[in-house]
Every structure is written in C-alpha cells, then in structure tokens.
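Each chain, letter by letter, is given below.
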Amino acid sequence: MPNRLSAPARARLTPTPRRTRPIDGPVPILVTALLWGTTGTASSLAPGGAPATGIGAAALVLGGLLLFLTDRTAWSLPRRCGTRERWLLAAGAVAVAGYPLTFYPAVPRAGVAVATVIALGSAPVFTGLLAWLTRQGRPGGRWAGATALAVLGCAVLVLGPELAGGGRAVDLLGVLLATLSGLSFAVYSLIAGRLIGGGRPAAGVMGAMFGGAAVLVLPVLLLGDLHWLASARGAGVVLHLGVVTTFLAYRLYGHGLRHTPAQTATTLTLAEPAVAAVLGVAALGERLPAASWCGLAVLAAGLAFLALPERR
C-alpha cells in the first residue's frame, strides 16, 4: 500500500537521533580530571618517609571498598553476569590494581614529569588501538586530531620546567613502568565502557572492579611500613585520596563512560596535569616557565575541541 503521508508529515514522524550533551559525558569526566589533579598536591603533604606505593595502595583500598560497599548492584553484579562478563570484571580489577603498582614506582625512577606524561599520554593511544582491535569503535579523525593536540600540550606543559633547566638521564625501567600504567588505565577504561554500554549499571561496574582491586593490593599495603598512616597527616592524605580522588572521582567517571566512548574519555582526562600545574602555582608557590603556559593553552584547545558537541 503506498504511503499517503506527505513529505513534511513523514519528516515529523522520523525519530531525531539523540545527541550526547556535554553535561552528560564530557563534563563529568572533566570534573573527574579536576579531582585527580589534586593528587600530587595532597601526596606532597604526606609525612616524610611514607612510601609512594603504600600511599597509592592505601588510597585504592579505601576508595575501592567505598565504591563496592556503597552500591548494592556491585555486590550482586558478578552473580548476575555471564561467564564472559565475569572474566571482564576480573580483568578490569587486575588492571585497576596494576595502575598504582606501576605508576608510583615509576615516579622516583623517571621523575614526576616524565612518568606523568608517559602514563597519561600513552593511555588515549592505547585506548584507541585496543578499541579498534576489539571492534569497540574505530577512532575518527576528530578524536585523532584532538588527542594529538592534547598529548602535545600535556608534554610541553609538564616537561616545560625540565626543558628549561636541563633534563635528567632517562631511566628505561621507569619509562616501562609508566607505559604499563598507561596501558592499565586504558584496559580498565575500555572494560568499564563496554560493560556500562552493554546495560550494566555504572556504579555497579566501578564498585565491582575497584572492590576486587582493593583486595588485590591489600597485601601490598599490609606488608609495607604503616607507621606513617597512624599520624594525622598520613590519615588525612589517605582520606582525601581515597574519598575524593578515588570514590567520588570514579563515580563521576563511570557516569561519563555511559555517555562517552572510552577513547574520548581517556583523552579528556589529560586535563589532570593542567589542574595539577595550576594547583602547584596557586597552593605550593611553584613557578611555571613560558613553555609550560603555552603547553597549557594547547592542551586546553585540544580538550575543548573534543568536548564540544559536533555539528550535524
């Protein structure tokens, strides 16, 4: 039977594709990066002699348990999942645990600036490649251009002081550890994005993965020196890192992954070193050379290009 509707009427009945608003996806991820940017300033307030790995492990144990215990769907998610999804949750927990166990040891070997650039700069690249290899989405030209711009700005921003004052010898093991931390971040971001995109609750996915990771790193914490944790400063630092930069931040990150591809999300988290640099200037009295401010502008341009909605 021929369609008797006029062209304007058919146009009115055609469903309009929904757009992802910045407030749903990019904004929660950028707020997450803002919270992560306070990590360096908070860690610098830890008591002298506190091991970097112990600080990261303590923060993950506290934040991971909070993510797991405060959401009932995280308790039942492994039972309600199929075998394949259970393996994905387990792999995600291992990747979450791998990040602090590789990044924090990389810092004293490669330096804070180099380790940060390698870890955060490699994560979007790994995410794009892994997403393409696992058929979770082929990265487009918009993502590639914005990511290249953001990674370049991040490198100039963070490495600016070292470039101005002379570099240090490259520690290959430190570079390798920082690269592994970027790979870990990419892996659990992709796994979380896949499970959340498949209909699983964001808070439940994050709670299950981080709860499992907390159990995995608990022996690292208990076998280390815990005297620093008994002081008021040590407990305050871990409280901030566990509640703010882990619990609250990853709740927001999970919400953002529901509306944003993992490739885009990991690129947007490159805002973290920008926040850390500004906090260092404002709170710790640090000074940035002109090159770093130029890198900050390039980084902001790349993130703005990626975060703004694309015209249709």
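Source: prediction; values computed, not measured.

**Describing the overall build of the protein**
Counting its regular elements, the protein contains 14 helices and 0 strands. The order of α-helices and β-strands along the protein, N terminus first, is α-α-α-α-α-α-α-α-α-α-α-α-α-α. Going through the 312 residues of the protein one by one, you find that 47% of them count as buried. A fraction of 87% describes how many contacts in the protein between residues 6 or more apart in sequence connect residues 24 or more apart. Summed over all atoms, the accessible surface of the protein reaches about 15500 Å², with 68% contributed by carbon and sulfur.

**Remarks on a nonpolar patch on the surface**
A cluster of nonpolar residues, V125, L129, W132 and L133, forms a patch on the protein surface that exposes about 420 Å² of accessible area. Mapped onto the secondary structure, L133 falls in helix α7 (residues 112-133). According to the relative accessible area criterion, L133 is exposed, its value standing at 61%.

**What to know about the pattern of salt bridges**
Enumeration according to the criterion identifies 1 salt bridge in this entry. E85 is the salt-bridge partner of R200, the closest N and O atoms lying 2.8 Å from each other. Here R200, found in the loop between α9 (172-197) and α10 (202-222), pairs with E85, found in helix α6 (residues 83-110); they are 115 residues apart in sequence, far enough to count as distant. For R200, a relative accessible area of 17% puts it in the buried group.

**Concerning the nonpolar core**
Counting 74 residues, the largest nonpolar core has Y188, Y250 and Y253 as its most contacted members. With sequence-adjacent residues up to four places away left out, Y253 is seen in contact with I29, T32, W36, F185, S189, M206, A265, T266 and T269.

**Some thoughts on the environment of A265**
Position of A265 relative to the elements: it lies in helix α12 (residues 262-268). Sequence separation of A265 and L190 is 75 residues, and the distance between their C-alpha atoms is 9.7 Å.

**A closer look at helix α4 (residues 52-69)**
Compared with an ideal rise of 1.5 Å per residue, which puts 18 residues at 26 Å, α4 spans 26 Å between its outermost C-alpha atoms and is within 8% of the ideal. All of the buried residues along α4 are G54, I55, G56, A57, A58, A59, L60, V61, G63, G64 and L67. On its buried face, α4 is in contact with α5 (72-80), α6, α10 and α11 (232-259).

**Quick notes on α6**
Look at α6: 40 Å from first C-alpha to last across 28 residues, which is about the 40 Å you get at 1.5 Å a residue. Just downstream of α6 lies G111, where phi reads positive at about 95°.

**Brief notes about the environment of G121**
Counting through the fold element by element, G121 comes out in helix α7. Judged by relative accessible area, G121 falls into the buried class, the value being 10%. In contact with G121, other than residues within four places in its own chain, are T116, V151 and L270.

**Examining the packing of α10 against α11**
Their axes nearest at 8 Å, the elements α10 and α11 cross at an angle of 130°. Looking at the two axes, α10 sits oblique to α11. Every pair of crossing elements has a handedness; the one defined by α10 and α11 is right-handed. The residues of α11 that touch α10, namely those facing A202, A203, M206 and F210, are T246, Y250, R251, Y253, G254, H255, L257 and R258. Residues belonging to the contact of α10 with α11 are distributed by class as follows: 7 nonpolar, 3 polar and 2 charged.

**Some remarks on the packing of α4 against α11**
The geometry of α4 relative to α11 is characterised by a closest axis approach of 8 Å and an angle of 50° between their N-to-C directions. By the angle between their directions, the pair α4 and α11 is classed as oblique. Remark: the crossing between α4 and α11 carries right-handed chirality. Residues I55, A58, A59, L62, G63, G64, L66 and L67 of α4 form the contact with α11, whose participating residues are V238, L239, L241, G242, V243, T246, F247, Y250 and R251.

**As for the side chain of T127**
The residue T127 is located in helix α7 in this model. Not counting chain neighbours up to four residues away, the residues in contact with T127 comprise A186, L190, A262, Q263 and T266.

How each quantity is defined
Counting restarts for each chain, with residues numbered from 1 along the sequence as it is written. Local features in this predicted model are restricted to residues of pLDDT 70 or higher, and side-chain atom pairs are both shown and tallied only at a pLDDT of 80 or more, whereas totals for entire chains, interfaces and linings draw on every residue. To obtain the side-chain values, all non-hydrogen atoms of the structure were included, while hydrogens and water were left out. Where helices and strands are cited, they refer to DSSP runs of H or I of at least four residues and of E of at least two residues respectively, numbered from the N terminus. Only protein chains enter the calculation, and the probe is 1.4 Å; a residue is then buried if its accessible area is under 20% of its type maximum, exposed if over 50%, and partly exposed in between. Any two residues whose heavy atoms approach within 4.5 Å are treated as being in contact. Surface accessibility in these figures is a Shrake-Rupley result with a 1.4 Å probe; residues are shielded only by whichever protein chains are displayed. What goes into a patch is any residue over 30% in relative accessible area without a salt bridge, connected to like charges within 9 Å or, for nonpolar side chains (Val, Leu, Ile, Met, Phe, Trp, Tyr), within 5 Å. Only one rule defines a salt bridge in this text: a Lys or Arg side-chain nitrogen within 4 Å of an Asp or Glu carboxyl oxygen. Residues belong to one nonpolar core when they are buried, are Ala, Val, Leu, Ile, Met, Phe, Trp, Tyr or Cys, and are joined through side-chain atoms within 4.5 Å. Multiplying one less than the number of residues by 1.5 Å gives the expected span of a helix. Simply put, an axis is a line fit to the C-alpha atoms, just over the touching stretch for a helix, and the angle between two N-to-C directions goes from 0 to 180 degrees. The labels follow the angle: roughly parallel below 35 degrees, roughly antiparallel above 145, roughly perpendicular from 65 to 115, and oblique for the rest. Should the near helix be turned counterclockwise from the far one by less than a right angle, the crossing is left-handed, whereas a clockwise turn marks it as right-handed. For this scheme, ten residues count as nonpolar: Ala, Val, Leu, Ile, Met, Phe, Trp, Tyr, Cys and Pro. Four count as charged, namely Asp, Glu, Lys and Arg, and the remainder, Gly too, count as polar.

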